[in-house]
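Fold and contact review
Letter by letter, the chains look like this.
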Amino acid sequence: MKRKDLLSAQDLSLEDLQHYLDLAGRIEAIPPVDRRGLLPGKILATLFYEPSTRTRLSFDSAMHRLGGSVLGFSGHEATSVSKGETIRDTVRTVENYADIIVIRHPREGSARIAAEAARVPVINAGDGANQHPTQTLLDLYTILKFLGRLSDLRIALVGDLKYSRTVHSLFRALHLFGNVEFVLVSPPSLALPDYLKSPDHRFYETHELEGALGTCDIVYMTRIQRERFPDAVDYEKVKDAYRLEASMLEGARPGCRVLHPLPRVNEIAPDVDSTPHSGYFEQVAYGVTVRQAILLHHLGVWA
Ligand code: CP
């Protein structure tokens, strides 16, 4: 696999996905103290035009723990972006200060624009409702760690399947591993877009969450994203469509795990956290591991 940028899970073959997962396993096997020497002197720039907690901070943490350093912005009010500077010009400036750029932007396609302008590698940390490939890789890695496999499984994708970039990426990537059945749980107005469904995807669509819980290995919850709705009235109609509570998991498969890219609002009740099914905070932890693998690979330290 030889690729300067990581822009979309759609660009990744099964072999590519497997390679990133192998690299994540390789970094996890190295004691944290020995990882510090892997990227000394390297600089990561994080350009976050849209809010983030996990993606930005886990990239920061990943880089610091590999011995590198980080610069960048979170919210562009204090930068020349607020004066009208384009993504292209921002990236052509920042590439002089850093060895690799991680960018999040509300507009779809913005990471690709950045990558075309930049000489250094660009990693897409989320572009609108389009793609969030590093989240997909950490979702896959988390499922692999919990189940020991990425094929022969049944997964419920729940909530905002229309705008959720993490769902869009995961639906396609997981399918590549084979024999995966998807239960798509959403209100009708937030159904998975048809263009994502290929004839060989195995899935069924429902509005009912409870009926799906007893049959799945993974329940992947998502937030109904207020910021993606063109009309606030439409958001109000569906914002409380699903709420998973501990009692609803009593009939779940023993190894079933609940995942969520986070942040959650009210779609997972706090009482789920203490059940053996909760997996979303382990998922957060794997984010650092996977992003270390991504940094090492795209900086050319690990092939
Ligand atoms: N999962 C995720 O992208 O979280 P943040 O928005 O906090 O980065």
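Okay, so let's go over this structure. Predicted model, so just to flag it, every value in this text is computed and none were measured. (Residues numbered from 1 in each chain as written. Predicted model: local features only at pLDDT ≥ 70, side-chain atom pairs only at ≥ 80, totals over all residues. Heavy atoms only, no water.)

What about unusual backbone geometry?
Here is the rule we go by: Comment: elements are numbered from the N terminus, with helices defined as DSSP H or I runs of at least four residues and strands as E runs of at least two. Throughout this description, buried means an accessible area under 20% of the type-specific maximum (1.4 Å probe, protein chains only), exposed means over 50%, and partly exposed covers the range between.
In this model, Leu262 is joined to Pro263 through a cis peptide bond whose omega is 5°. Position of Pro263 among the secondary structure elements: in the loop between strand S9 (257-259) and helix H10 (280-298). The backbone of Leu262 sits at a positive phi, close to 65°, despite the residue not being glycine. Position of Leu262 relative to the elements: it lies in the loop between S9 and H10. Of the residues examined, Leu262 reaches a relative accessible area of 12% and is grouped as buried.

With respect to the packing of aromatic side chains
One pair of aromatic rings is described through two measures. These are the centre distance and the angle between the planes. How we decide: In this scheme Phe, Tyr and Trp rings, the latter by its six-membered ring, pair at centre separations within 6.5 Å, and the angle between planes marks the pair as stacked below 30 degrees, edge-to-face above 60, and tilted otherwise. Two conditions define a charge located above a ring, namely a distance within 6 Å from the ring centre to NZ of Lys or CZ of Arg, and an angle within 35 degrees of the ring normal.
Scanning the entire structure with this criterion turns up 7 aromatic pairs. Residues Tyr141 and Tyr286 carry aromatic rings whose centres are separated by 5.5 Å and whose planes lie at 85° to one another, so their mutual orientation is edge-to-face. Note that Tyr141 is positioned in helix H6 (residues 133-147) and Tyr286 in helix H10, a separation of 145 residues in sequence. Each member of the pair, Tyr141 as well as Tyr286, is classed as buried. Ring centres of Tyr280 and Phe281 lie 5.4 Å apart, and the angle between their planes is 65°; on these two criteria the pair is classed as edge-to-face. Judged by relative accessible area, Phe281 falls into the partly exposed class, the value being 47%. Here the aromatic cluster, defined as three or more aromatic residues joined through ring pairs, consists of Tyr163, Phe229 and Tyr235. Lying across the ring of Trp302, Arg26 places its NZ or CZ 3.8 Å from the centre.

With respect to the site of the ligand
Rule in force here: We call a residue near a given molecule or strand whenever any one of its heavy atoms falls within 4 Å of it. For the purposes of these results, a polar contact is taken to be a pair of N or O atoms within 3.5 Å, where, inside protein, one atom must be able to donate a hydrogen and its partner to accept one; residues adjacent in sequence count only when each atom of the pair is a side-chain atom. For the accessible areas, the method is Shrake-Rupley and the probe is 1.4 Å, while residue cover comes only from the protein chains on display. Polar here means any residue outside two lists: the nonpolar Ala, Val, Leu, Ile, Met, Phe, Trp, Tyr, Cys and Pro, and the charged Asp, Glu, Lys and Arg; Gly therefore counts as polar. A domain assignment, automatic or from a database, supplies the domain bounds used here.
Surveying the vicinity of the ligand reveals the residues Ser52, Thr53, Arg54, Thr55, Arg104, His132, Gln135, Pro261 and Leu262. A distance of 2.9 Å separates an oxygen atom of the ligand from a polar atom in the backbone of Arg54. The contact in question runs from an oxygen atom of the ligand to an N or O atom on the side chain of Arg104, over 2.9 Å. Summarising the interface, the protein chains cover 91% of the accessible area of the ligand, which totals 250 Å² for the free molecule. Among the residues forming the shell around the ligand, the class breakdown is 2 nonpolar, 5 polar and 2 charged. Residues lining the shell around the ligand come from more than one domain, with at least three contributed by each of domain 1 (9-132 + 287-298) and domain 2 (133-284).

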